[in-house]
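# Architecture at a glance
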Amino acid sequence: MSGKLYVDPEVRQGYLDGCLTVIRRARAASGCLDFTLSADPIEPGRINVYERWESDIHLQRFRGAGTEPDRLTEIHAARVEKYRISSVEAP
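My aim in this report is to walk through the structure given alongside it, one point at a time. (Residues numbered from 1 in each chain as written. Predicted model: local features only at pLDDT ≥ 70, side-chain atom pairs only at ≥ 80, totals over all residues. Heavy atoms only, no water.)

Moving on, we come to the overall build of the protein. Helix and strand content of the protein: 4 helices and 4 strands. Start at the N end of the protein and walk to the C end: the helices and strands fall as β-α-α-β-β-α-α-β. Against the globule reference of 12 Å for 91 residues, the protein gives a C-alpha radius of gyration of 14 Å, in line with a compact fold. Its C-alpha atoms put the protein at 40 × 30 × 20 Å along the principal axes. Here the protein holds 91 residues, and 30% of them are scored as buried. Carbon and sulfur atoms form 52% of the exposed surface of the protein, whose accessible area is close to 6,200 Å². Computed over 13 positive and 14 negative side-chain charges, the separation of the two mean positions in the protein equals 4 Å. (Helix = DSSP H or I, 4+ residues; strand = E, 2+ residues; numbered from the N terminus. Rg over C-alpha atoms; globule rule 2.2 N^0.38 Å. Buried < 20%, exposed > 50% of the residue type's maximum accessible area, 1.4 Å probe, protein only. Areas by Shrake-Rupley, 256 points an atom, 1.4 Å probe, with all protein chains shown as cover. Lys, Arg positive; Asp, Glu negative; His and termini not counted. Charge placed at Lys NZ, Arg CZ, Asp CG, Glu CD.)

And the structure:
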């Protein structure tokens, strides 16, 4: 999954700090290959989202442990999509 979230620029760092527990929990979860939320270097209110999971089952098991409901109110817009990758190779 990859995408972006938008919050008010003045709350972005606080939002990200509040997500550290979720990021740690995701990375420790079975089937998590990568998980990050990061501040975009150009757009002040944008948060970049990147998740990679071994399977949909692993992703679904984690979903219940995702963003706390009170954090959702800070998000003004979001566009996160799931991608299907058929192969991976070295650059």
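Next comes the rest of the write-up.
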